Amino acid sequence: MEKDFKEKVLKIVSKINKGETMSYKEVARLAGKPKAWRAVGNILKNNYDNKIPCHRVVLSNGRPGKYNRGVQNKIKLLKKEKVKNLK
DNA sequence: CGTATGACGTGCA
DNA sequence: GTGCACGCCATAC
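Residues numbered from 1 in each chain as written. Chains lettered and ligands numbered in written order. Predicted model: local features only at pLDDT ≥ 70, side-chain atom pairs only at ≥ 80, totals over all residues. Heavy atoms only, no water.

### A look at the packing of helix α1 (residues 3-14) against helix α2 (residues 24-31)
- It is at 9 Å that the axes of α1 and α2 come closest, and there the two elements cross at 120°. One way to sum up the angle between α1 and α2 is to call them oblique. The interaxial crossing formed by α1 with α2 has right-handed handedness. Where α1 approaches α2, its residues F5, K8, V9, I12 and V13 are matched on the opposing element by V27, A28, L30 and A31.
- For the contact of α1 with α2, the class distribution of residues is 8 nonpolar, no polar and 1 charged. (Axes fitted to C-alpha atoms, helices over the stretch in contact; angles between N-to-C directions. Helix = DSSP H or I, 4+ residues; strand = E, 2+ residues; numbered from the N terminus. Parallel < 35°, antiparallel > 145°, perpendicular 65-115°, else oblique. Left-handed = near helix turned anticlockwise from the far one by under 90°. Contact = heavy atoms within 4.5 Å. Nonpolar A, V, L, I, M, F, W, Y, C, P; charged D, E, K, R; others polar.)

The following block contains the structure:
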C-alpha cells in the first residue's frame with residue numbers, strides 16, 4: 001500500500017488550477033501509477049480535505065463523475081470555475 | 001491474509 | 001452513439 005501514492009494524488013489534485021480539470025487517469029499517471037485511477041477515486045472519496053478540489057477531477061470521457069458532496073454541487077462548482085466543457 | 005467494494009476505463013455487441 | 005461486462009488498483013473489514 002503506497003501511502004505516498006495517496007499523498008501524491010492529493011497533492012496533484014490540489015495543484016489543479018482554477019478553471020482546469022483533470023481525469024482520474026491523468027492524476028494517477030502523474031502520481032506514478034497510470035493504472036491506479038481506480039484507487040484515485042477511492043482515495044478522494046475517503047479524503048474530505050477542503051484543500052483538495054476533487055470536484056476538478058473528472059472522468060476521461062469528460063463527464064463530471066461523482067462527488068463526495070453531491071454531483072450537482074460538483075457540476076455547479078465547475079460551472080462557477082468557468083469550466084463548462086462538461087458533457 | 002483473503003474477500004468485497006468503489007468518485008473508473010476500455011472493449012465489444 | 002449507447003449499453004453491458006470485465007479488469008484494474010488501493011483501502012476497509
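Back to the text.
### Comments concerning the pattern of salt bridges
- What the rule picks out here adds up to 2 salt bridges.
- With a closest N to O distance of 3.8 Å, D4 and K8 form a salt bridge. Of this pair, D4 and K8 both sit in helix α1, 4 residues apart, which is roughly one turn of the helix.
- On the accessibility criterion, D4 (45% relative accessible area) is partly exposed.
- Measuring nitrogen to oxygen at the nearest pair gives 3.4 Å for the salt bridge that ties R56 to E81. With a gap of 25 residues between them, R56 in the loop between α3 (37-46) and β2 (57-58) and E81 in the segment after α4 (71-80) connect regions that are remote in the sequence.
- Using a relative accessible area of 12% as the deciding quantity, one classes R56 as buried. (Salt bridge = Lys/Arg side-chain N within 4 Å of Asp/Glu carboxyl O. Buried < 20%, exposed > 50% of the residue type's maximum accessible area, 1.4 Å probe, protein only.)

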